[in-house]
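# Observations on the three-dimensional arrangement
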Amino acid sequence: MYDGPIIDIDVHHRWTSEQELIDYLEPDWREVVERQRSSVHLEPPALFHHTRGSNKRVDAHYDGGPPGSSYELNCEQWLDAYPVERAVLTYDIGGVSVIPNPFLASALCRAANDWSLDRWIAQPNDPRLYSSLLVPTQIPADGVREIERLGAHPRIVEALVVGNGLGKPFGHPLYHPIYAAAAEHGLPIAIHNGGDLWNTGSQYLGGGMPGTRFEFHSAAPQSTIHHLASFITHGVFEKFPTLKLVIVEIGVAWVPWFLWKLDSQYATLRRESPWVKRLPSEYFYEHVRLSSQPLEVSPDKNQLIELLESAGGLENILLFASDYPHWDTDDPSYVARQLPRSWLPKVFYQNALETLRWPSDAALLDRVPAAAAAV
Amino acid sequence: MFVDVGAAEEFAEGRPRVIQLAGREIGVTLWQGEVFALRNICPHQYGPVCGGYAMPMLLGDADGVLEVDDDRLVIVCPWHGWEFDARTGRAAWGPSAYRLKTFPARIEDGRVLVDAGPAQPAAKTAEAVAGTAD
Amino acid sequence: MPRKLPPIIDLDVHHTWKSEADLIRYLPRKWRELVELPPDTKLPVDAIGVLYAHARGVNKRMDAFSEEGHRPGSDYETMRTQLLDKLEVERAVLTFDVGQIGVANPYLQTALARAANDWSIDEWLSIPDERLYGALIVPSHSPEEGAAEIRRAGQNDRIVEALLVTNGVGRPFGHPIWDPVYEAAVEMDLPIAMHPGGDQWVHTTQAAAGGIPMSRFEFHTLSPQANVFHIASYLLYGVFERFPQLKLVVVENGVTWIPHLLLRLESQFDAHRREFPWLRRRPTEVFREHVRIATHPLELTPKPDAIFECLEAVGGLEDVLVFASDYPHWDTDDPFFVAQRFPESWWPKIFRDNAAAACRWPTPLGPRHAARVAA
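Let me sum up the structure you'll find in this document. (Residues numbered from 1 in each chain as written. Chains lettered and ligands numbered in written order. Predicted model: local features only at pLDDT ≥ 70, side-chain atom pairs only at ≥ 80, totals over all residues.)

Residues and elements named next belong to chain C. P297 follows H296 through a cis peptide bond whose omega is -15°. The topology assignment puts P297 in the loop between β7 (291–294) and α12 (306–312). With a phi angle near 50°, E88 is a residue other than glycine that sits in the positive phi range. Mapped onto the secondary structure, E88 falls in the loop between α3 (76–85) and β2 (89–94). (Helix = DSSP H or I, 4+ residues; strand = E, 2+ residues; numbered from the N terminus.)

So, in structure tokens, the structure goes:
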């Protein structure tokens with residue numbers, strides 16, 4: 001049972017219609033897009049059917065727009081229903097960054113960030129809400145410029161990297177200018193899973209293209225695990241010692257394997273990458289944080305706990321995420337039942353407090369409404 | 001007790017050579033005027049660690065930047081490529097419990113001398129070590 | 001046989017090392033420490049491999065081995081006899097075999113490119129034969145490294161072009177991420193040269209659309225595809241707008257695809273030009289001004305004048321074509337074979353004048369019909 005305040009690091013918000021986003025585009029691009037309204041896709045298409053017709057909670061659908069586009073429904077189903085002190089908005093899920101035209105993709109990211117800060121931060125003026133900054137990745141220089149443009153905004157708490165714009169593992173040096181800019185602004189980099197599914201030259205899973213959502217979801221962490229590994233193998237944390245990395249939406253049960261695999265190969269392969277000066281797992285514990293969602297289900301609850309405890313120290317690494325309103329959202333009371341009780345204050349609150357870049361303006365925090373009735 | 005194991009010119013520079021001494025297999029390497037003697041059993045999976053190569057240590061300050069540390073030779077196990085500092089026997093990759101046993105060795109009047117300690121009652125082969133490993 | 005041809009500038013002569021050890025020697029010691037084993041080992045160093053086996057075991061002319069049995073293209077005397085003297089070549093540009101460094105390690109790729117340039121300058125461009133000139137290989141996993149190498153190796157005045165082959169970034173060469181390379185090329189007054197094959201390495205892109213060719217037959221038939229895409233990307237991303245001094249020389253794709261590309265660009269431009277507001281001129285106009293296409297491998301047509309008819313569909317290509325032999329590959333073009341397929345009025349341009357204007361020659365070319373340089 002956990003009835004303390006919650007920081008939720010992954011809430012997917014969306015525009016009610018594409019026009020809502022287009023309104024935030026720069027005039028030149030707006031003209032191009034509006035002339036092609038019937039045929040331009042502002043995001044890559046969804047590839048896999050969902051058994052209930054939607055990859056969102058059925059009850060998150062409403063008449064005014066797609067799930068996740070209603071602030072009121074979000075409050076009713078999530079923000080007001082649970083003691084959520086802070087929620088980080090993370091788009092759904094940022095596919096505008098990897099449409100084929102790289103210049104339009106950058107422009108759409110800028111529009112999305114302006115839309116988010118206007119429609120979800122300024123207008124509702126809800127002190128619980130914070131936004132991530134969607135970073136263009138096809139032209140890293142545009143990513144840098146965007147961080148420089150909005151990175152100092154007090155309600156932006158992380159720089160979100162999703163679409164694999166160059167088809168490279170995210171630790172590759174071509175992306176480093178983005179991390180330099182983020183580190184300079186004190187922003188952690190968040191990588192949300194899924195961005196390799198879109199056709200930019202990388203693969204979501206090794207071995208080929210999955211045929212079904214089941215197949216696709218089965219090994220879903222693969223590409224993001226590679227991104228994480230590449231941060232370590234390319235020495236990103238040596239280059240940017242203050243940088244933090246938040247990995248979102250790949251669950252947790254892979255962690256012991258990952259750490260042991262990297263560490264056991266280090267003895268041999270350090271020679272090839274000697275800029276990895278420390279044991280890989282050390283970088284992980286120091287710089288990397290992980291969303292709890294989607295928390296894996298073990299037949300016996302204790303098995304998951306044993307697995308996580310075998311790695312050691314994960315109570316300091318996990319950050320609660322609801323992933324509202326996706327179909328595999330984690331209810332906080334469920335998470336609270338699955339994890340050791342002593343971990344809960346850290347997982348639900350303390351770790352996120354120490355990881356993301358919150359504004360130091362105390363007056364903002366004073367306006368948090370009284371927590372709703374504990375679950 | 002130091003034992004004469006051969007003339008210095010019989011040892012190729014920087015190439016470990018395995019000899020039998022006092023019931024042990026020991027890899028002897030001459031390098032830049034020094035001589036290193038290490039036990040020929042890898043602490044990883046008990047392979048013939050000195051039966052591979054010796055190379056200078058590679059360091060890297062920034063990603064993509066390699067540097068050669070000419071002051072440090074590492075013994076590289078032929079099985080998995082684990083690197084051990086030839087001078088100290090310590091794991092080259094960082095703080096680790098894995099370590100090669102070293103033996104005192106020196107060159108005197110053009111002869112290589114190694115102190116392998118007292119003779120072992122039974123041959124300390126790799127298999128024997130593996131059998132009694134904890 | 002009467003010598004009707006003017007002295008020839010051959011823009012594509014593939015020189016190579018006798019064995020990889022020759023190249024490895026030019027790597028800085030720290031990289032040799034990584035890739036080399038002690039000399040008495042039998043393990044090979046395979047820094048660069050071959051993807052498609054060739055029917056007769058080697059993709060070169062069988063008569064181009066040196067007397068001692070060294071690889072075709074690796075021996076100056078053989079090249080001098082078979083090409084430079086025999087065909088009365090006034091100037092030849094040495095372009096490696098073929099300039100692609102297909103290793104995945106981005107740092108090693110840079111080191112190997114530099115080593116290859118040093119080898120070429122040291123062992124070929126120092127030969128006292130005034131007909132020999134060279135390309136420099138542009139390392140291409142990192143455009144910044146590519147730019148640095150253009151500025152470094154490009155200082156040698158026998159270097160006449162910068163060869164960009166391997167697509168290390170995995171983006172079309174006109175994409176803005178490559179801009180540092182073009183900035184450096186313009187600064188050093190070097191044209192960029194492009195050669196097919198670089199997209200099949202390191203799996204960043206594909207050499208042919210639709211899938212991976214399984215045989216050399218399939219691959220060779222389709223081999224222009226990637227370069228054609230790259231050329232289109234130069235035009236549509238506005239590379240020549242940003243770098244008006246830049247020239248592009250594209251070799252080894254044949255010629256009969258040119259009308260197809262130009263006609264498609266022409267017919268589609270007006271419908272799509274809103275997407276490219278930075279283009280001030282029609283792409284086909286820019287193509288004629290900035291791009292040169294080597295004749296090799298000239299397509300074999302049932303009737304000799306079919307090539308001319310095909311090219312005349314768009315007209316003006318006598319100003320675009322440049323001769324290349326591609327010695328010593330198996331599909332090398334004899335200049336008389338090429339000459340017979342074009343009007344004699346085109347010969348001075350194709351065999352000499354267009355190449356004379358495209359590359360950065362350290363000395364002016366002699367009068368058009370000068371006797372060949374004494375060996």
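Moving on: the sheet that holds strand β7 (residues 288–291) of chain A. Strands pair in a sheet through their backbones, by hydrogen bonds, and they do so in one of two ways: parallel or antiparallel. All names here are of chain A. Spatial strand order, β1-β2-β3-β4-β5-β6-β7-β8: eight strands in an open sheet with parallel pairing. At either margin of the open sheet sits one strand with a lone partner, and together these are β1 (6–11) and β8 (318–319). Across three bridges, strand β4 (residues 156–161) lies against strand β5 (residues 189–192) in parallel orientation. Bridge pairing in β5 links V161 to I191. (Pairing = 2+ DSSP bridges.)

In this section: the pairing of strand β9 (residues 105–108) of chain B. All names here are of chain B. Bridge count between β9 and strand β10 (residues 111–115): four bridges; the pairing is antiparallel. Note that in β10 the partner of E108 across the bridge is R111. Hairpin geometry of β9 and β10 is characterised by an intervening segment of two residues between the two adjacent antiparallel strands and by a positive phi of about 50° at D109.

All names here are of chain A. Mapped onto the elements, Y285 comes out in helix α11 (residues 280–287). Between the alpha carbons of Y285 and V98 there is a distance of 31 Å; along the sequence they are 187 residues apart. Ignoring sequence-local partners within four residues, the contact set of Y285 consists of G313 and I317. (Contact = placed C-beta atoms within 7 Å.)

Residue-level contacts link 14 residues of chain A with 16 residues of chain B. Among the elements that take part in the side of chain A that touches chain B, helix α10 (residues 255–269) of chain A stands out by supplying three residues, more than any other. When its residues are assigned to classes, the side of chain A that touches chain B shows six nonpolar, four polar and four charged. (Nonpolar A, V, L, I, M, F, W, Y, C, P; charged D, E, K, R; others polar.)

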